Every structure is written in structure tokens, then in C-alpha cells.
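Structure at a glance
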Amino acid sequence: MGGNGSYSKEFGGVPEASRTHIETEYRIDGHKVLLFGENVEHDKIIMNANSDSPTYLFASVDKKTGKIVVTGIGIYQKEKLSVSVDLKFDSHGNLIPFSKNENGSHSHLWGEISPGIIGRKSHDKSNYFPIDSKLDSLIAKIVDFNQKGKIWKKDTN
């Protein structure tokens, strides 16, 4: 996660406003739920992971309700983002299934675009896919998590 939670006596910790993502106390099916950081320039999925092949769940906090809403999944292979899943929900919190017009939930493949740089071309219609059915169980748990409405409580320490 880019060392967001790292600390050294010499430099201290990474200020929360500069963090790309904030680790929450929550896990869904064993996967960490990460919040996009307060820095609006860092509201994108993480390109590289600190461990070999994790799956991270990306969330934001609804400004009106304070509830955590998971809206994305990042699947990593050998520390590099391999697949991202964008989850779309209706006004009742139900998953909107895949549709070819990009209004539904979908996935994208990622790759190395130059040495050490992971990326994909934005709005590339040839890189817009249905979500792998292997994720159905995890997605059902995400929908349940979102509908239960966990409130984000900032660590005040």
C-alpha cells in the first residue's frame, strides 16, 4: 500500500492528508477494505501492492451518511495490479450488473505499459469486461457490507 502506515522515529508517519489510501479495521472475506485518502488527487486504485498477490477492496465514505461504501476491487499478481473491478449500485444499494454501455459493474485488465509502470488506456472499449464469476461470492459479501452501513470513525490518535 505504498507505505501509508509506515513510521520512523526520524520522519514520523505519513500525514493523513498525504496518504493515498487509509486502511480501515474492516475486512470482507479476509480482504482489506481501504478508503481513498483525503487528498482528492489520490482517488484512484493502487497500482502496486506490498505483498505478492493480494486482493484489496476500495471504498469511499458517503458524505451525507458517513457510511463506508466499497466500490472497487483490485486484484494483484506479483505485486502489480492485474484486474480492477468497478462496482456500480442502484439507489437501494443493489449491484447493477454488467452492461455493454459502461453503466453497469465491470472489470478492466491492467498491464505494464513501460518498465515498472502499470496502466491501461482510459475509456478503451476493448478493455471493458464482465466480472469473473469467481468473484460472485465476494461481491455478494460486499453488497451485504455496503447495505449494513458501517460508519467511518476516524482514528483521533
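Bear in mind the structure is a predicted one, so any value in this text is a computation, not a measurement.

Bringing the packing of aromatic side chains into the picture now. Evaluated as defined, the whole model comprises four aromatic pairs. Summarising the aromatic geometry, the rings of tyrosine 26 and phenylalanine 145 are spaced 5.5 Å apart at their centres and angled 70 degrees between planes, so their arrangement reads as edge-to-face. Of this pair, tyrosine 26 sits in strand β3 (residues 21-28) while phenylalanine 145 is found in helix α1 (residues 136-148), placing the two residues 119 residues apart along the sequence. The residues tyrosine 26 and phenylalanine 145 share a single accessibility class, namely buried. Note on phenylalanine 98 and tyrosine 128: the rings are 5.3 Å apart at their centroids and 35 degrees apart in plane angle, and the pair reads as tilted. With phenylalanine 98 in the loop between β7 (80-86) and β8 (106-109) and tyrosine 128 in the loop between β10 (117-119) and α1, the pair connects residues that are 30 residues apart, well separated along the chain. Relative accessible area serves as the criterion here: at 30%, phenylalanine 98 is assigned to the partly exposed category. Each residue in the set Tyr56, Phe58 and Tyr76 is aromatic and connected to the rest through ring pairs, giving one cluster.

With that out of the way, let us pick up the nonpolar core. In this structure, Ile28, Val33, Leu57, Val70, Ile73 and Ile142 are the most contacted members of the largest nonpolar core, which totals 21 residues. At the level of elements, β3, β4 (31-36), β5 (55-61), β6 (68-77), β7 and α1 are the ones that each hand at least two residues to this core. Tallying contributions element by element places α1 first for this core, with five residues. By size, the runner-up hydrophobic cluster in this structure holds ten residues, among which are Ile45, Ala49, Tyr56 and Leu81.

Turning to the sheet that holds β4, a few remarks are in order. With respect to topology, six strands assemble into an open sheet ordered β3-β4-β5-β6-β7-β8, the strand pairing being mixed. Sheet topology places β3 and β8 at the edges, where each strand pairs with a single neighbour. Going from strand to strand, the sheet's axes swing by 30 degrees on average, the running direction of each strand aside. Taken strand by strand, α1 contacts β3, β4, β5 and β6, and its axis lies near 155 degrees from that of β6.

Rules and cut-offs
Each residue is numbered by its place in its chain's sequence as written, counting from 1. Only residues with pLDDT of at least 70 are given local features in this predicted model, and only at 80 or more are side-chain atom pairs given and counted; all residues enter the totals for whole chains, interfaces and linings. Side-chain figures throughout are based on the complete set of non-hydrogen atoms in the structure, without hydrogens or water. Aromatic pairing here means that ring centres of Phe, Tyr or Trp (its six-membered ring) are within 6.5 Å. Orientation follows from the plane angle: under 30 degrees is stacked, over 60 is edge-to-face, and everything else is tilted. In this description a helix means any DSSP run of H or I spanning at least four residues, a strand means any run of E spanning at least two, and both kinds are numbered starting from the N terminus. Only protein chains enter the calculation, and the probe is 1.4 Å; a residue is then buried if its accessible area is under 20% of its type maximum, exposed if over 50%, and partly exposed in between. Here, nonpolar core refers to any group of buried Ala, Val, Leu, Ile, Met, Phe, Trp, Tyr and Cys residues whose side-chain atoms link them within 4.5 Å. DSSP calls a pair of strands paired once it identifies at least 2 bridges connecting them. To obtain an axis, a line is fitted to C-alpha atoms, over the contacting stretch when the element is a helix, and the angle between two such axes runs from 0 to 180 degrees between their N-to-C directions. Throughout, a contact is declared for two residues whenever any of their heavy atoms are within 4.5 Å.

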